[in-house]
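# Inside the fold
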Amino acid sequence: MFAICIEASHSKGMGHLFRMLNFTNYLKKQNEKFVFIINDNDKTKNILKTNNILFEVVDLNDMQSDWEIKIIENYNISFWTNDRLDTDERHSLKVQNKGVKLITLDDLGSGAKFSDINICGLFFKQKNLEGKKILKGVEYLILNPEIDKYKKTRSKIDNILVTLGGSDTYGVTIKVLKLLKNHNIKATIHVGISFAHFDELKRELTPDYKVITYVPSFIEGFSKYDLAITGGGITPFEANASGLPCLVVANEYFEIPNCEFLESLGCSKFIGHHVEIDSSIFSKLNFLNIKSMSDLGMQNISTNAADNIYSHVMSL
């Protein structure tokens, strides 16, 4: 049985939860059982309840009560997966001392060096990675397999989507909207329910801009557009894998290598950190080779990561 230990919050986002939901959907197909171990977050709990997924709520910062050991013994855990970025070595040693195989994702914490596998799908320039085995590269980046249903080549720009994070901490959506207006470029603006800049957004809107807040399937939603303006997290990888080229903005400095990597593949254009967006791209959209960008995304980014990772885990 797998323990899937994640941390999701406003500061860390919900990406860890959604990544592990994609992975556990794969585990279900392999008839593997699992339990989620989560911090006390209402949104996370509601999503897991809606999907009828077994979970336990713990204090992830508690290094004294040995909650890990209790979970391992109660559920007969064989594999422990951490998707919370910076695990502590005290936690890792508790897991390994029970004879459980330890897998971690994008982990730069002191506990990473004790992991049996450190999966680093989003680290392209990081050199100080630790773990007994390190799986590095986009082939280990877990994406939504629903992408495969909606892959298609784009050849021209008729419809543009702007999606810069559910909460968009820095209000980058407003900055991009102003740039689009300056260049008379129409677009659809996607914001999450926790978006904190609605008042300013309303002041900037004109009839040329439609706002959407709820999308039942974001992957299916991609299929309606020819170009997306996104942040530098998982979203542009999913978009590019589906054949949707992107202009990527680094919302955080640590996203810059992601943006540069996607540009190196030819499927996206990096237009800068949000503090200094290169607006010249908006006067050159007609010169983008959209078909080439679309095809290169589908060729270079696949949805096979869960299968690749599972093979390594089963060989431990």
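Let me sum up the structure you'll find in this document. If you're wondering where the values come from, they're calculated on a predicted model, not measured in any experiment. (Residues numbered from 1 in each chain as written. Predicted model: local features only at pLDDT ≥ 70, side-chain atom pairs only at ≥ 80, totals over all residues. Heavy atoms only, no water.)

## Details of the overall build of the chain
Scanning the chain from terminus to terminus reveals 11 helices and 13 strands. The globule rule puts the C-alpha radius of gyration for 316 residues at 20 Å, and the 20 Å found for the chain is close to it. Across its three principal axes, the chain shows a C-alpha extent of roughly 60 × 40 × 35 Å. Residues counted as buried form 54% of the 316 residues belonging to the chain. Considering only intrachain contacts with a sequence separation of at least 6, the fraction spanning at least 24 residues in the chain is 56%. Total accessible area on the chain is roughly 14,600 Å²; 47% of this is exposed by carbon and sulfur atoms. Once the 36 positive and 38 negative side-chain charges of the chain are each reduced to a mean point, those two points are 4 Å apart. (Helix = DSSP H or I, 4+ residues; strand = E, 2+ residues; numbered from the N terminus. Rg over C-alpha atoms; globule rule 2.2 N^0.38 Å. Buried < 20%, exposed > 50% of the residue type's maximum accessible area, 1.4 Å probe, protein only. Contact = heavy atoms within 4.5 Å. Areas by Shrake-Rupley, 256 points an atom, 1.4 Å probe, with all protein chains shown as cover. Lys, Arg positive; Asp, Glu negative; His and termini not counted. Charge placed at Lys NZ, Arg CZ, Asp CG, Glu CD.)

## A short note on the layout of surface pockets
Each pocket or cavity is described by its volume, and for the second largest pocket that value is around 260 Å³. Residue composition of the lining of the second largest pocket, grouped by class: seven nonpolar, four polar and three charged. (1 Å grid on protein atoms, 1.4 Å probe; cavity = no way out; pocket = protein on both sides within 12 Å on 5 of 7 lines; lining within 4 Å. Points joined across faces, edges and corners; volume = space filled by probe spheres on them. Nonpolar A, V, L, I, M, F, W, Y, C, P; charged D, E, K, R; others polar.)

## Quick notes on empty space enclosed by the protein
Scanning the model with the defined rule gives one cavity of 30 Å³ or more in all. Estimated volume of the largest cavity: approximately 40 Å³. Residue lining of the largest cavity: M20, F23, T81, I103, L105, I119, I142, I309 and V313, and that is the complete set. Secondary-structure elements contributing two or more residues to the lining of the largest cavity are α1 (15–29), β5 (101–105) and α11 (305–314). Here the residues of the lining of the largest cavity are counted per class, giving eight nonpolar, one polar and no charged.

## Overview of the environment of K178
Secondary-structure assignment places K178 in helix α5 (residues 172–182). Judged by relative accessible area, which is 36%, K178 ranks as partly exposed. Along the chain, K178 and L205 lie 27 residues apart, while their C-alpha atoms are 9.2 Å from each other. Beyond its immediate chain neighbours, meaning those up to four positions away, K178 contacts E200 and E204.

## What about the packing of aromatic side chains?
Taken as a whole and assessed by the stated rule, the structure comprises eight aromatic pairs. Pairing F2 with F23 gives two aromatic rings, centres 6.5 Å apart and planes at 75°, and the pair type is edge-to-face. In this pair, F2 is assigned in strand β1 (residues 2–6) and F23 in helix α1, connecting sequence segments 21 residues apart. For F2, a relative accessible area of 1% gives the class buried. Looking at F23, the relative accessible area reads 3%, which means it is buried. On the numbers, 6.4 Å between centres and 20° between planes, the contact of F237 with F261 is stacked. One end of the pair, F237, is in helix α8 (residues 235–241); the other, F261, is in helix α9 (residues 256–265), with 24 residues separating them in the sequence. Counting every residue linked through ring pairs, the aromatic cluster contains F2, F23 and F79. (Phe/Tyr/Trp six-rings, centres within 6.5 Å; stacked < 30°, edge-to-face > 60°.)

## Considerations on helix α10 (residues 290–300)
Owing to its 3.6 residues per turn, the α-helix brings residues three or four apart onto one side. Listed as buried for α10 are I290, M293, S294, D295 and G297. Elements in contact with the buried residues of α10: β11 (227–230), α8, β12 (246–250) and β13 (268–273).

## A closer look at the pairing of β5
For β5, the buried fraction is high: four of the five residues fall into the buried class. Where strand β4 (residues 79–83) lies against β5, four bridges are found, and the strand directions are parallel. Looking at the pairing, F79 lines up with K101 of β5. In this view, the connection linking β4 to its parallel neighbour β5 by way of helix α4 (residues 89–97) has right-handed handedness. Both β5 and strand β6 (residues 117–120) contribute to a ladder of three bridges, which runs parallel. Paired with T104 across the bridge in β6 is N118. (Pairing = 2+ DSSP bridges. Right-handed = clockwise from strand over helix to strand, strands pointing away.)

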